[in-house]
Structure formats: C-alpha cells, structure tokens
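# Descriptive structure summary
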Amino acid sequence: MKSEDISKTTFRTHYGHYKYLVIPFGVTNAPNVFMDYITMIFHPCLDSFVVVFIDGILVYSKTREEQEEHLRILLQTLRDRQLYAKLSKCEFWLDKVSFLGHVISQGGIVIDPFEIEVVLKWETVEVFGKGTKSL
C-alpha cells in the first residue's frame, strides 16, 4: 500500500483508531490490484523467465545456472519493493511443477492428471427415467 494512502484506511473501534499498512483481506479489488502490481514490477521478466498469476510466481529456466540468476533477480526485485515470499510456500529446483491445472516440465506442458481424474470419477445417475446422465 502506498504510504500516502494509509490514512485513507483509518477506522475506529471502541479500542481506538487504526489504519492498515498493507492491503487487508476481504477488500473486493485487492487481488486485482495486487496482480497488477506484481505484473508491473516483473514486466521486464515476463515471458522471458517469469509467469505470474495472482500471488503465484513461476520461474522457469533451461539450466541450473540460469535458474540461480533468475531467482536472484526475482528475489532482489521482491526485496527492492519490500515484498516477501513465504518460504514454506516456495519450492526450488523442481524438474516438473503443477501450475494452473497443468504440469510443466522439460518435456513440455500437459494437463495435470489430477484435474482429469476428477472428471473420470463422475458418477452416472438415472434422470427422470430417460437413461443415465453424467453429473
């Protein structure tokens, strides 16, 4: 949140006045604003070695050396903007990754088998005596 906008978030309770220092959860357009901001700060890296979607950041590289450099750039960009990645949600040095319903690997991009499995497990039921239908 921009420092000049912090005062605009002031609210009062019977305990006193408070203001948000970061975008609070539950604000309708917060995910859109955040994604626009992340897209803006990573614009030079997009489609080169970074893909972003809401709060997901995917870094891809051809070699381990490239990966190290790409991660260095990404983490420095976050640090410069005072943004932080939660280490417990980060995964490094993966040969393949599931991202937005797809599995991405050196072999290419395929639909995540888990997504297909859900559809294959749909049960069929009798609907008003007109045969079976998938749900």
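Definitions and limits used
Residues numbered from 1 in each chain as written. Predicted model: local features only at pLDDT ≥ 70, side-chain atom pairs only at ≥ 80, totals over all residues. Heavy atoms only, no water. Helix = DSSP H or I, 4+ residues; strand = E, 2+ residues; numbered from the N terminus. Rg over C-alpha atoms; globule rule 2.2 N^0.38 Å. Buried < 20%, exposed > 50% of the residue type's maximum accessible area, 1.4 Å probe, protein only. Contact = heavy atoms within 4.5 Å. Areas by Shrake-Rupley, 256 points an atom, 1.4 Å probe, with all protein chains shown as cover. Lys, Arg positive; Asp, Glu negative; His and termini not counted. Charge placed at Lys NZ, Arg CZ, Asp CG, Glu CD. Core = buried A, V, L, I, M, F, W, Y, C linked by side-chain atoms within 4.5 Å. Disulfide = S-S within 2.5 Å.

### Concerning the overall build of the chain
From N to C terminus, the chain includes three helices and nine strands. When the helices and strands of the chain are listed from N to C terminus, the series reads β-β-α-β-β-α-β-β-β-α-β-β. Whereas a compact globule of 135 residues would reach a radius of gyration of roughly 14 Å, the chain reaches 22 Å, over 25% beyond that. With the C-alpha coordinates aligned to their principal axes, the bounding extent of the chain is approximately 65 × 50 × 25 Å. Considering the chain as a whole, with its 135 residues, one finds that 16% of them fall into the buried category. Sequence separation of 24 or more characterises 19% of the internal contacts of the chain that already satisfy a separation of 6 or more. Carbon and sulfur atoms make up 57% of the accessible area of the chain, which totals about 11400 Å². Positive and negative side-chain charges of the chain, numbering 15 and 17 respectively, have mean locations separated by a distance of 8 Å.

### Considering the side chain of Gln67
With respect to the helices and strands, the residue Gln67 is situated in helix α2 (residues 64-80). Given a relative accessible area of 13%, Gln67 falls into the buried group. For Gln67, the residues in contact, after removing those within four places along its chain, are Val59, Tyr60, Ser61 and Trp93.

### Overview of the nonpolar core
Grouped together as the largest cluster of nonpolar side chains are 11 residues: Ile38, Ile41, Phe42, Cys45, Phe49, Val50, Val52, Val59, Leu71, Leu74 and Leu78. Elements represented by at least two residues in this core include exactly α1 (30-41), β3 (50-53) and α2. With three residues, the single largest contributor to this core is α2. Apart from residues no more than four positions distant in its own chain, Cys45 is found in contact with Val50 and Ile73.

### A word on the state of the cysteines
Overall, the coordinates contain zero disulfides when judged by the stated rule. Cysteine Cys45 is unpaired, with the sulfur of Cys90 as its nearest cysteine sulfur at 16 Å. Exposure remark for Cys45: the relative accessible area of 8% places this residue in the buried category. Take Cys90: its relative accessible area is 28%, and that puts it in the partly exposed class.

So, to be careful, I would describe these as geometric facts and stop short of saying anything about function.
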